[in-house]
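Chain residues, written in single-letter form:
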Amino acid sequence: MTEEFPALYVVPTPLGHLGDISQRAIDVLRQVPWVAAEDTRHSAPLLRHYGSNARLLAAHQHNEEGAAQQVIARLAAGDSVALVVDAGTPAVSDPGARLVARVRAAGYRVTPLPGPCAAVVALSAAGLSEAHFLFYGFLPAKAGQRAEALRELADLPYALIFYEAPHRIVDTVAALAATFQPTRTLVLARELTKLFESMHACPLAEASDWLLADVNRQRGEFVLLLSAAPPAANDGEGERVLRLLLADGLPVSQASRLAHAITGSRKQALYQLALRLQR
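Being a predicted model, the structure only gives us computed values, none of them experimental.

Draft legend 1. Just the environment of Val-32, in detail. Residue position: Val-32 is located in the loop between α1 (23-31) and β2 (34-37). By relative accessible area, Val-32 is classed as buried at 2%. In this structure, the C-alpha to C-alpha distance between Val-32 and Glu-221, residues 189 residues apart in sequence, is 30 Å.

Draft legend 2. Fine view of the sheet that holds strand β10 (residues 222-226). Read across the sheet, 5 strands follow the order β6-β7-β10-β8-β9 without closing on themselves; strand pairing throughout is mixed. Looking at the sheet topology across the chains shown, the edges are occupied by β6 (133-138) and β9 (198-203). Each adjacent strand pair in this sheet contributes to an overall mean axis angle of 15°, direction not counted. In terms of strand pairing, strand β8 (residues 185-190) meets β10 through 5 bridges, oriented antiparallel. If you follow Leu-188 over to β10, its bridge partner there is Leu-224. Of the strands in this sheet, β8, β9 and β10 touch helix α8 (residues 204-212), which is tilted by about 135° from β9.

Draft legend 3. Spotlight on the packing of helix α9 (residues 237-247) against helix α10 (residues 252-263). Following both chains from N to C, one finds α9 and α10 inclined at 140°, their axes separated by 9 Å at the closest point. If you check the angle between α9 and α10, you find them oblique. The crossing of α9 and α10 is right-handed. The residues of α10 that touch α9, namely those facing Glu-237, Gly-238, Val-241, Leu-242, Leu-245 and Leu-246, are Val-252, Ala-255, Ser-256, Leu-258, Ala-259, Ile-262 and Thr-263. Classifying every residue of the contact of α9 with α10 by side-chain character gives 9 nonpolar, 3 polar and 1 charged.

Draft legend 4. How the structure looks around the sheet that holds strand β5 (residues 109-112). Ordered in space as β3-β2-β4-β1-β5, the 5 strands form an open sheet in which the pairing is parallel. Here the strands that pair on one side only, and so sit at the sheet edges, are β3 (55-58) and β5. The average undirected angle you get between the axes of adjacent strands in this sheet is 25°. Here 3 bridges tie strand β1 (residues 7-10) to strand β4 (residues 81-84), and the two strands are oriented parallel to one another. If you follow Leu-8 over to β4, its bridge partner there is Val-81. Packed onto the sheet, helix α3 (residues 64-76) meets β1, β2, β3 and β4 and runs at close to 145° relative to β3.

Draft legend 5. View of the packing of aromatic side chains. On inspection of all chains with the given rule, the structure shows 3 aromatic pairs. Ring centres of Phe-135 and Tyr-163 lie 5.0 Å apart, and the angle between their planes is 65°; on these two criteria the pair is classed as edge-to-face. On the criterion of sequence distance, the pair formed by Phe-135 in strand β6 and Tyr-163 in strand β7 (residues 159-164) is long-range, its members being 28 residues apart. Here Phe-135 falls in the partly exposed class, since its relative accessible area comes to 29%. What makes Tyr-163 buried here is its relative accessible area of 9%. Centre to centre, the rings of Tyr-136 and Phe-162 are 5.8 Å apart; their planes meet at 50°, and the pair counts as tilted. Of the two residues, Tyr-136 is situated in strand β6 and Phe-162 in strand β7; the sequence distance between them amounts to 26 residues. With relative accessibility at 31%, the residue Tyr-136 sits in the partly exposed group. Through a chain of ring-to-ring contacts, the aromatic side chains of Phe-135, Phe-138 and Tyr-163 assemble into a single cluster. The cationic tip of Arg-74 hangs over the ring face of Trp-34; the distance from NZ or CZ to the ring centre is 4.0 Å.

Rules behind the numbers
Residues numbered from 1 in each chain as written. Predicted model: local features only at pLDDT ≥ 70, side-chain atom pairs only at ≥ 80, totals over all residues. Heavy atoms only, no water. Helix = DSSP H or I, 4+ residues; strand = E, 2+ residues; numbered from the N terminus. Buried < 20%, exposed > 50% of the residue type's maximum accessible area, 1.4 Å probe, protein only. Pairing = 2+ DSSP bridges. Axes fitted to C-alpha atoms, helices over the stretch in contact; angles between N-to-C directions. Contact = heavy atoms within 4.5 Å. Parallel < 35°, antiparallel > 145°, perpendicular 65-115°, else oblique. Left-handed = near helix turned anticlockwise from the far one by under 90°. Nonpolar A, V, L, I, M, F, W, Y, C, P; charged D, E, K, R; others polar. Phe/Tyr/Trp six-rings, centres within 6.5 Å; stacked < 30°, edge-to-face > 60°. Lys NZ or Arg CZ within 6 Å of the ring centre and 35° of its normal.

Here it is in structure tokens:
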């Protein structure tokens, strides 16, 4: 905090355990005169715990544009500002991205601090062997939109990471089971770093029964980690069927979807191949 120019500091806060914060983050919170917080009522006792006397301003998903202008005004006056959310890293399935973009556009520096992120914490203990992962965050709340989003992810060769709230966890796990291969591994990470933290791994086909067997397993904030789609057999059948469908005049999206349904080849790979063939 010896910088000559004011900055917006993006400060991760603990997921639950108050010891999970860096010394640098504590130093920033103690030294900045202002903290932009997702919920000022939640952050006020947290700041007091770490010895911060910073003044709070609200910066949540419903006022982010207005909050950005307040932050820019503080920076223009020469004051640095810290940005926090209720738990974890700002702008990762939480407010903050638009505010950061406005501050950058106004010409002020944005300084990120490393720290807690529920997706990474869960991934580190999930035991999934994939070299790559895709972080999706929260799926749509409506069943039809959720199903469509999952269909787009079905063939990806990456581990998939979702966040979910307790009142939707049963429906979401059922939707996963209805879309993905039943043998894929699902890891349910619940209440990370908190008193009732738990992690359970099982074949996707067994996940709904496991959840429904004990209502306590449905409580708390969830990270869901799904192993990658298994590699499809490369026997050329998908391409053969795709070429026939395209030759019959079907559009790319319909041809790739039907070839996937007929042969089981990856839909996204078929779609990309269809685009190349049409050129």
